[in-house]
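Architecture at a glance
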Amino acid sequence: MSRVRERFLHSKVTVWRASGYTEANPYGDGWAFLGVYDCSYITNGSLTRDDEGNEFRPLATIYTQTDSMQFGDRVVIGDFTGTPLPVVGAQTVRTRKTKQPLVGVQDYTFQTG
């Protein structure tokens, strides 16, 4: 196994987004299932800043070619289709970065914490 390949773990990521926001219920009704996507990830990143400028240490850095995740979504590494958002193990997306390769599909990097 190459050094680059062994550095990253390959799996799927399951994504949920907060739903049900109305003026009558500003806290929402729960979480809506968005989907399961292929990804590569590493854990325990170095100190960085999130999209709001706050410093944090990422629990996971997720690399994927889907742009469906956004700041505030909850994610779990693995395939959790058909189940509600797990209380334990779900992480919040804190940053989203886009990289344009010379050839091929755009790559997206998401950090959770």
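Check the entry above for the structure.
Sequence order sets the numbering: in each chain, residues are counted from 1 along the sequence as written. Restriction of local features to residues with pLDDT of at least 70 applies here, the model being predicted, together with a cutoff of 80 or more for giving and counting side-chain atom pairs; totals for whole chains, interfaces and linings are based on all residues. The side-chain values count all of the structure's non-hydrogen atoms but skip hydrogen atoms and water molecules.

Turning next to the pairing of strand E1 (residues 9–19). Two strands are counted as paired when DSSP detects at least two bridges linking them. Counting from the N terminus, the helices are the DSSP runs of H or I reaching at least four residues and the strands are the DSSP runs of E reaching at least two. Bridge count between E1 and strand E2 (residues 30–43): 11 bridges; the pairing is antiparallel. Of the residues in E2, the one forming a bridge with Val 15 is Gly 35. Of the pairings in the sheet, the one linking E1 to strand E6 (residues 74–77) comprises 4 bridges and is antiparallel in character. Across the sheet, the residue bridging to Val 13 is Ile 77, located in E6.

A word on the pattern of salt bridges. Salt bridge criterion: a side-chain nitrogen from Lys or Arg within 4 Å of a carboxyl oxygen from Asp or Glu. Summed over the entire model, instances satisfying the criterion amount to 4 salt bridges. Notably, a salt bridge pairs Asp 38 with Lys 12, separated by 2.6 Å at the nearest N-O pair. With Asp 38 in strand E2 and Lys 12 in strand E1, this pair connects stretches of sequence that are 26 residues apart. Here Arg 49 makes a salt bridge to Glu 55, at a shortest N to O gap of 3.4 Å.

Our focus in this paragraph is the side chain of Thr 112. Position of Thr 112 relative to the elements: it lies in strand E8 (residues 107–112). Residue classification places Thr 112 among the buried residues on the basis of a relative accessible area of 0%. At 2.4 Å, the side chain of Thr 112 forms a polar contact with the side chain of Gln 91. Beyond its immediate chain neighbours, meaning those up to four positions away, Thr 112 contacts Phe 56, Pro 58, Leu 59, Ala 60, Ile 62, Val 75, Gln 91, Thr 92, Val 93 and Arg 94. Summary of the burial criterion: residues with accessible area below 20% of their type's maximum are buried, those above 50% are exposed, and those between are partly exposed, where the area comes from a 1.4 Å probe applied to protein chains only. For the purposes of these results, a polar contact is taken to be a pair of N or O atoms within 3.5 Å, where, inside protein, one atom must be able to donate a hydrogen and its partner to accept one; residues adjacent in sequence count only when each atom of the pair is a side-chain atom. Note on contacts: a residue pair is in contact if any heavy atoms of the two residues lie within 4.5 Å.

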